[in-house]
Amino acid sequence: MITIHNKNFVPYISEDEIKKKVKNLAEQISKDYDGMKPLFIAILNGAFMFASDLFKELEIEAEISFIKLASYKGMKSTGQVLTAIGLDFDINDRHVIIIEDIVDTGKTLHSFLPQLRHSQPKSIKLATLLHKPEALLFPVEIDYVCFAIPDKFVVGYGLDFDNLGRNLKEIYQIEE
Ligand code: IMP
């Protein structure tokens, strides 16, 4: 068991299990995108470790860029607006694969994906390390998932609890 900010977490997905799934996913994507030179867009901060390991295992030509999504309250009643920081490269006519750490409610991607579609990429697919199906509130189509998990808070392998825990090699789940 480990403690972060006074909360206890128990081991949930081992380093070995993560490695295997990430390698399998890289093999799958390498088959699906052979000869298509896809552009991976990894979403910071959470996806940095997953993106790096996944990219290393690819067997095809591919590019990668990193962006950060910042939300601010819009002036209108539409609520939160997402700005993509670092999205200064051309995705027009490219096969794009978004790399996320976790799809929880789906809110982030539900508002970000339409923005990307404006630039008319050839295709957009979504790869996520984790997905909490029970927590999904916004319709998001996920193409590649490493682990579907219950609706409980997790940390490690890039994911944080209040900025801590990202460096853990395995994934821990909150103890209840
Ligand atoms: P969504 O917009 O609700 O899908 O939330 C996605 C973001 O919330 C992820 O990219 C994470 O940064 C964060 N998040 C959601 N669930 C967890 C969790 O269990 N642990 C750590 N971060 C989480």
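Our subject is the structure listed above.
A.B. asks: What am I meant to see in the site of the ligand here?
C.D. replies: For the ligand, the set of nearby residues contains 14 residues, the closest of which are Asp101, Thr105, Thr108, Lys132 and Val154. In the environment of the ligand, an oxygen atom lies 2.9 Å from a nitrogen or oxygen atom belonging to the backbone of Asp104. Thr105 is positioned with one of its side-chain polar atoms (N or O) 2.4 Å from an oxygen atom of the ligand. When isolated, the ligand has an accessible area of 490 Å², and the protein chains bury 80% of it. Under a 2 Å grid-point criterion requiring more than half of the atoms, the pocket assigned to the ligand is the largest pocket. Where the shell around the ligand is concerned, the elements lending two or more residues are strand S6 (95–103) and helix H3 (107–117). For the shell around the ligand, the leading source of residues is S6, giving four residues.

A.B. asks: I'm lost on the environment of Gln173 in this one. Help?
C.D. replies: Along the chain, Gln173 turns up in strand S10 (residues 171–174). Exposure remark for Gln173: the relative accessible area of 10% places this residue in the buried category. A sequence separation of 15 residues divides Gln173 from Gly158, and the C-alpha atoms of the two residues are 14 Å apart.

A.B. asks: Just to check I follow, could you spell out the layout of surface pockets for this structure?
C.D. replies: To find the voids left in a structure, one rolls a probe of water-molecule size over its atoms. Approximately 690 Å³ is the volume attributed to the largest pocket. The wall of the largest pocket is formed by 28 residues, among which Glu100, Asp101, Ile102, Asp104 and Thr108 lie closest to the centre. Of all the secondary structure elements, the ones that give two or more residues to the lining of the largest pocket are strand S3 (39–44), strand S4 (63–73), strand S5 (80–85), S6 and H3. When residues of the lining of the largest pocket are assigned to their parent elements, the largest contribution, five residues, is made by H3. In terms of lining residues, the second largest pocket is bounded by Leu109, His110, Leu113, Pro114, Arg117, Ile124, Lys125, Leu126, Pro139, Val140, Glu141 and Asp143. Listed by contribution, the elements that provide at least two residues to the lining of the second largest pocket are H3 and strand S7 (123–131). Here the lining of the second largest pocket takes five residues from H3, the largest share from any one element. For the lining of the second largest pocket, the class distribution of residues is seven nonpolar, one polar and four charged.

A.B. asks: Is there a simple way to think about the environment of Ile13 in this case?
C.D. replies: With respect to the secondary-structure elements, Ile13 resides in strand S2 (residues 7–13). Overall, Ile13 belongs to the buried group, its relative accessible area being 5%. Between the C-alpha atoms of Ile13 and Phe147, which are 134 residues apart in sequence, the distance is 9.2 Å.

A.B. asks: What exactly am I supposed to notice about the side chain of Glu100 here?
C.D. replies: Looking at the secondary structure, you find Glu100 in strand S6. Despite being buried, Glu100 has no salt bridge partner; Arg166 is the closest side chain of opposite charge, sitting 9.2 Å away. With residues near it in sequence (within four places) discarded, Glu100 still touches Ile43, Ala47, Phe50, Thr108, Leu109, Leu126, Ala127, Thr128 and Leu129.

A.B. asks: What should I look at first to understand the nonpolar core in this one?
C.D. replies: Buried together is how nonpolar side chains tend to be arranged in soluble globular proteins. With 30 residues, the main nonpolar core has Ile29, Phe50, Leu54, Leu129 and Leu130 as its most contacted residues. At the level of secondary structure, the elements contributing two or more residues to this core comprise helix H1 (15–32), S3, helix H2 (48–56), S6, S7 and strand S8 (144–148). Sorting elements by how many residues they give to this core places H1 first, with five residues. The contact partners of Phe50, leaving out residues within four places of it in the chain, are Val22, Leu25, Ile99, Glu100, Ala127, Thr128, Leu129, Cys146 and Tyr157. The next biggest cluster of nonpolar side chains, apart from the first, holds 19 residues, and it includes Ile67, Phe112, Leu113 and Ile124.

Conventions adopted
Residues numbered from 1 in each chain as written. Predicted model: local features only at pLDDT ≥ 70, side-chain atom pairs only at ≥ 80, totals over all residues. Heavy atoms only, no water. Near = heavy atom within 4 Å. Polar contact = N/O pair within 3.5 Å; in protein donor to acceptor, adjacent residues only side chain to side chain. Areas by Shrake-Rupley, 256 points an atom, 1.4 Å probe, with all protein chains shown as cover. 1 Å grid on protein atoms, 1.4 Å probe; cavity = no way out; pocket = protein on both sides within 12 Å on 5 of 7 lines; lining within 4 Å. Sits in = over half its atoms within 2 Å of the grid points. Helix = DSSP H or I, 4+ residues; strand = E, 2+ residues; numbered from the N terminus. Buried < 20%, exposed > 50% of the residue type's maximum accessible area, 1.4 Å probe, protein only. Points joined across faces, edges and corners; volume = space filled by probe spheres on them. Nonpolar A, V, L, I, M, F, W, Y, C, P; charged D, E, K, R; others polar. Lys, Arg positive; Asp, Glu negative; His and termini not counted. Salt bridge = Lys/Arg side-chain N within 4 Å of Asp/Glu carboxyl O. Contact = heavy atoms within 4.5 Å. Core = buried A, V, L, I, M, F, W, Y, C linked by side-chain atoms within 4.5 Å.

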